[in-house]
Amino acid sequence: MSAKHTDAELECCEEHIVHTDAVMAARSAMPAEEITTAASDFFKAFSDKTRLRILAALVSTELCVCDIASLLNMSQSAISHQLRFLKQARLVKSRKNGKTVYYALCDDHIQTILAQGIAHVQEG
């Protein structure tokens with residue numbers, strides 16, 4: 001191991017003491033494993049820059065694939081692929097008007113999560 005230590009290495013406990021009351025409190029507050037698995041899948045949808053940009057675009061108004069492709073300077077095929085992912089993750093919904101399909105955020109939770117994430121990284 002190198003002489004340099006990372007912050008994580010320096011922040012370990014020097015004694016091995018389990019604080020049973022704290023562990024029990026944390027255990028009782030934790031969601032079930034199925035919920036954390038579903039939440040993990042949900043947050044994966046936010047892990048791609050293009051998907052985040054699509055979600056940010058949909059905050060202000062509903063848009064069709066052509067609109068989003070133009071806005072992000074990407075192909076309609078690439079946008080459709082990401083929209084399919086976002087729809088399966090229940091982050092966006094669609095509605096058809098004639099031959100055009102419009103996309104919008106599923107609900108206010110998505111906008112709130114996106115806004116909170118952006119605010120957090122801007123705190124820097």
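Structure's up top.
Predicted, not measured: the structure shown is a model, and the values here were computed from it.

Colleague: Explain the overall build of the chain to me, using residue names and the numbers behind them.
Modeller: Each helix and strand in the chain was counted, giving 7 helices and 3 strands. Starting at the N terminus, the α and β elements of the chain follow one another as α-α-α-α-β-α-α-β-β-α. A compact globule built from 124 residues would reach a C-alpha radius of gyration of about 14 Å, whereas the chain, at 21 Å, exceeds it by more than 25%. With the C-alpha coordinates of the chain rotated into their principal frame, the extents come out at 65 × 40 × 25 Å. Within the chain, buried positions represent 21% of all 124 residues. Considering only residue pairs separated by 6 or more positions, the chain has 50% of its internal contacts joining residues 24 or more positions apart. Split by element, the accessible area of the chain, about 9500 Å² in all, is 54% carbon and sulfur. Side-chain charges of the chain comprise 13 positive and 15 negative groups, with the mean position of each set lying 18 Å from the other.

Colleague: Hey, could you go over the packing of aromatic side chains for me, with residue numbers and the actual values?
Modeller: Summed over all chains, the structure comprises 3 aromatic pairs. Summarising the aromatic geometry, the rings of F42 and F43 are spaced 5.2 Å apart at their centres and angled 75° between planes, so their arrangement reads as edge-to-face. Its relative accessible area of 48% is what places F43 among the partly exposed residues. Aromatic side chains F43 and F46 sit 6.2 Å apart centroid to centroid with 45° between the ring planes, which places their arrangement in the tilted category. Taken together, the ring pairs connect F42, F43 and F46 into an aromatic cluster.

Colleague: Kindly report on the environment of V18, identifying the contributing residues and their values.
Modeller: Along the polypeptide, V18 turns up in the loop between α1 (7-10) and α2 (20-29). Overall, V18 belongs to the exposed group, its relative accessible area being 52%. In this structure the C-alpha to C-alpha distance between V18 and I110, which are 92 residues apart in sequence, comes to 37 Å.

Colleague: Just give me the short version of the sheet that holds strand β2 (residues 92-97), but keep the residues and values in it.
Modeller: Here we have 3 strands laid out as an open sheet, ordered β1-β3-β2, and antiparallel in their pairing. Of all the strands in the sheet, the pair left with one neighbour each is β1 (63-64) and β2. Summarising the sheet, β1 and strand β3 (residues 100-105) pair through 2 bridges and their orientation is antiparallel. Bridged to C64 within β3 is Y102. Where helix α4 (residues 49-60) meets the sheet, its contacts fall on β1, β2 and β3, and the angle it forms with β3 comes to roughly 95°.

Scoring rules and cut-offs
Residues numbered from 1 in each chain as written. Predicted model: local features only at pLDDT ≥ 70, side-chain atom pairs only at ≥ 80, totals over all residues. Heavy atoms only, no water. Helix = DSSP H or I, 4+ residues; strand = E, 2+ residues; numbered from the N terminus. Rg over C-alpha atoms; globule rule 2.2 N^0.38 Å. Buried < 20%, exposed > 50% of the residue type's maximum accessible area, 1.4 Å probe, protein only. Contact = heavy atoms within 4.5 Å. Areas by Shrake-Rupley, 256 points an atom, 1.4 Å probe, with all protein chains shown as cover. Lys, Arg positive; Asp, Glu negative; His and termini not counted. Charge placed at Lys NZ, Arg CZ, Asp CG, Glu CD. Phe/Tyr/Trp six-rings, centres within 6.5 Å; stacked < 30°, edge-to-face > 60°. Pairing = 2+ DSSP bridges. Axes fitted to C-alpha atoms, helices over the stretch in contact; angles between N-to-C directions.

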